[in-house]
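# Coordinate analysis (summary)
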Amino acid sequence: MPISQELLEILVCPKCKGDIHLTPAGDGLVCEACRLMYPIRDDIPIMLIDEAIKLG
Amino acid sequence: MICVVTGAAGFIGSHLAEKLLDAGHTVRGVDKFLGNYPRRFKEWNLAQVHRPGLEFIEADLVDIDLPALLDGVTYVFHQAAQPGVRSSWGEEFGEYTHNNILATQRLLEASKKSKIKKFVYASSSSVYGDTQDLPMRENGMTRPVSPYGVSKLSAEQLCYLYWKEFGVPTVSLRYFTVYGPRQRPDMFFHIFMRAHRRGQAIPIYDDGKQSRDFTFCADIVDGNVAAAEYPGAGEVFNLGGGSRTTVEEVVRMVEQISGKKAKLNMLARQQGDVRHTAAALDEARSKLGFNPRVKLYDGLAQEWEWMQKIGD
């Protein structure tokens, strides 16, 4: 089940509460300010700071 | 309508989410996948819930943008919590304050500015403690005997406070020992049935004569829906199964259901365990129309059947 636009709109970065955007591949949500990607696994956005992947 | 269910991948949250989705609501589920038991159980629960209308995120309620989460939402069912009486002592207590008290306060704070019609809080019979005054009544003494009970009572009091001060329409439901399919693997029936299935000895704390008011999960779900639709607020209701049974009697029932004799391993009573629980249901019956329907034997049979399905 794809993630609804509505759900994406209510999500923020749990660290800085700033905006996030979907990766082109749709496999994560990126916070540019924190340089973190929150992975999407099995259509579930994992909005946990500990699980976030650090971007280079 | 849009409903928020916190703890949506958990035992009760997943049953509730399913019921709401089947009634045609959109469910915005949040779950932190707390490490209190293996993740695969919660993933299994969530897979059962998966159907159109479900929006789900894995998140900590303390960190996310809650006002946005509550945007357009009619009902909040706050089921998420750090469970477990015995593990709430000592170092672990920080997890209880974070997940049970702070998360509830954040959600209530966000609810102040929302247009929600009801905030249903999943409280616990553990708020009563080891009272001699049975059945337990909502207006009776609350003196928890575990830090877990203290955390649930604190959050319940916050719910009342946010109603009184800010008009957040909260209702708290004190659950009495909930069981049924998807029961947490750290709960007695689950431990018992799992061991019994493997032919292993079953740990019984205390002498087996301790009694509980066991409540089937579907009845708890019905109680939640009734609380959401209830026109009042700022109130507390017991949700119990309607009959008190000893652990020993439960063992006998499971022996009947499974057709095999149980091996028992009697252990000492654990710190924080309550000797007896029994819910007075007059308030829930008269105001919510709550009427527990599932008899213990039938509910146990359903849990046993589920246990065969999930395997080891």
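That block above? That's the structure.
What comes next is a walk through the structure. Just so you know, these numbers come straight off a predicted model, no measurement behind them.

## Digging into the overall build of chain B
- Assigned secondary structure in chain B consists of ten helices and 13 strands.
- For a compact globule of 312 residues, the expected C-alpha radius of gyration is about 20 Å, and chain B comes in at 18 Å, within 12% of that figure.
- In terms of overall dimensions, chain B has C-alpha extents of about 55 × 40 × 40 Å along its principal axes.
- For chain B, with 312 residues in total, the buried portion stands at 59%.
- Taking the intrachain contacts of chain B between residues at least 6 apart in sequence as the baseline, contacts between residues at least 24 apart amount to 82%.
- In the structure as shown, chain B presents an accessible area of about 12,600 Å², 50% of it carried by carbon and sulfur atoms.
- Where the 38 positive side-chain charges of chain B centre and where its 37 negative ones centre are 2 Å apart.

## Notes on the packing of helix α1 (residues 11–22) of chain B against helix α7 (residues 217–229) of chain B
Residues and elements named next belong to chain B.
- Contact geometry of α1 with α7 gives a least axis separation of 9 Å together with a crossing angle of 60 degrees. Taken together, the axes of α1 and α7 are oblique relative to one another. Along this stretch, α1 crosses α7, giving a crossing that reads as right-handed. Note on element contacts: α7 touches α1 through Cys217, Ile220, Val221, Asp222, Asn224 and Val225, opposite Phe11, Ile12, His15, Leu16, Lys19 and Leu20.
- Residue composition of the contact of α1 with α7, grouped by class: eight nonpolar, two polar and two charged.

## Some thoughts on the side chain of Lys152 of chain B
- Its location among the elements puts Lys152 of chain B in helix α5 (residues 147–166).
- Ignoring sequence-local partners within four residues, the contact set of Lys152 of chain B consists of Ala81, Asn100, Tyr121, Ala122, Ser123, Ser124 and Val127 of chain B.

## What about the nonpolar core?
- Counting residues in each nonpolar core, the largest one holds 70 residues, and the members touching the most others are Phe56, Phe77, Leu173, Tyr175, Val250, Leu288 and Leu300 of chain B.
- Setting aside chain neighbours within four positions, we find Tyr175 of chain B in contact with Ile12, Gln79, Ala122, Ser123, Ser124, Ser125, Ile220, Asn224 and Leu239 of chain B.
- Formed by 40 residues, the second largest nonpolar core is a distinct cluster that contains Leu8, Leu36 and Ala52 of chain A together with Ala155 of chain B.

## Here we look at the interface of chain A and chain B
- On the chain B side, the residues contacting the 15 residues of chain A number 20 residues.
- Between chain A and chain B, roughly 1,500 Å² of surface is buried when both sides are summed, and carbon and sulfur atoms account for 65% of that area.
- There are one salt bridge connecting chain A and chain B.
- The salt bridge involving Glu6 of chain A is made with Arg28 of chain B; its shortest N-O contact spans 3.3 Å.
- Counting across the chain A and chain B interface gives five residue pairs in polar contact (both at pLDDT 80 or more).
- Listing elements by their share of the side of chain A that touches chain B, those giving two or more residues are α1 (5–10) and β4 (44–47) of chain A.

## Brief notes about helix α6 (residues 188–197) of chain B
All names here are of chain B.
- Counting buried residues in α6 gives seven out of ten residues, a clear majority hidden from the surface.
- Residues Phe189, His190, Phe192, Met193, Arg194, Ala195 and His196 constitute the buried set of α6.
- Where α6 is buried, its residues contact α2 (39–49), β7 (178–179), β8 (201–205), α8 (247–258) and α10 (296–310).
- Following α6 by one or two positions, Gly199 adopts a phi angle in the positive range, close to 75 degrees.

## As for the packing of aromatic side chains
All names here are of chain B.
- For the coordinates displayed, the defined rule picks out 13 aromatic pairs over all chains.
- Relative to Phe237, the ring of Tyr230 lies with its centre 5.5 Å away and its plane at 90 degrees, an arrangement referred to as edge-to-face.
- On the basis of relative accessibility, which here comes to 12%, the residue Tyr230 falls in the buried class.
- Classification of Phe237 by relative accessible area gives buried; the value is 0%.
- A connected cluster of aromatic rings, assembled from ring pairs, spans Tyr179, Phe188, Phe189, Phe192, Phe214 and Phe216.
- Positioned above the aromatic ring of Tyr37 is the side chain of Lys42, whose terminal nitrogen or guanidinium carbon lies 4.6 Å from the ring centre.
- The ring of Tyr205 is capped by Arg86, whose NZ or CZ atom sits 4.1 Å from the centre of that ring.

## Notes on the side chain of Asn238 of chain B
- With respect to the helices, strands and loops of the structure, Asn238 of chain B is situated in strand β11 (residues 235–239).
- Of note is the side chain of Asn238 of chain B, whose polar atom sits 2.8 Å from the backbone oxygen of Met136 of chain B.

What counts, and where the lines are drawn
- Residues numbered from 1 in each chain as written.
- Chains lettered and ligands numbered in written order.
- Predicted model: local features only at pLDDT ≥ 70, side-chain atom pairs only at ≥ 80, totals over all residues.
- Heavy atoms only, no water.
- Helix = DSSP H or I, 4+ residues; strand = E, 2+ residues; numbered from the N terminus.
- Rg over C-alpha atoms; globule rule 2.2 N^0.38 Å.
- Buried < 20%, exposed > 50% of the residue type's maximum accessible area, 1.4 Å probe, protein only.
- Contact = heavy atoms within 4.5 Å.
- Areas by Shrake-Rupley, 256 points an atom, 1.4 Å probe, with all protein chains shown as cover.
- Lys, Arg positive; Asp, Glu negative; His and termini not counted.
- Charge placed at Lys NZ, Arg CZ, Asp CG, Glu CD.
- Axes fitted to C-alpha atoms, helices over the stretch in contact; angles between N-to-C directions.
- Parallel < 35°, antiparallel > 145°, perpendicular 65-115°, else oblique.
- Left-handed = near helix turned anticlockwise from the far one by under 90°.
- Nonpolar A, V, L, I, M, F, W, Y, C, P; charged D, E, K, R; others polar.
- Core = buried A, V, L, I, M, F, W, Y, C linked by side-chain atoms within 4.5 Å.
- Buried area = accessible area lost by both parts, 1.4 Å probe.
- Salt bridge = Lys/Arg side-chain N within 4 Å of Asp/Glu carboxyl O.
- Polar contact = N/O pair within 3.5 Å; in protein donor to acceptor, adjacent residues only side chain to side chain.
- Phe/Tyr/Trp six-rings, centres within 6.5 Å; stacked < 30°, edge-to-face > 60°.
- Lys NZ or Arg CZ within 6 Å of the ring centre and 35° of its normal.

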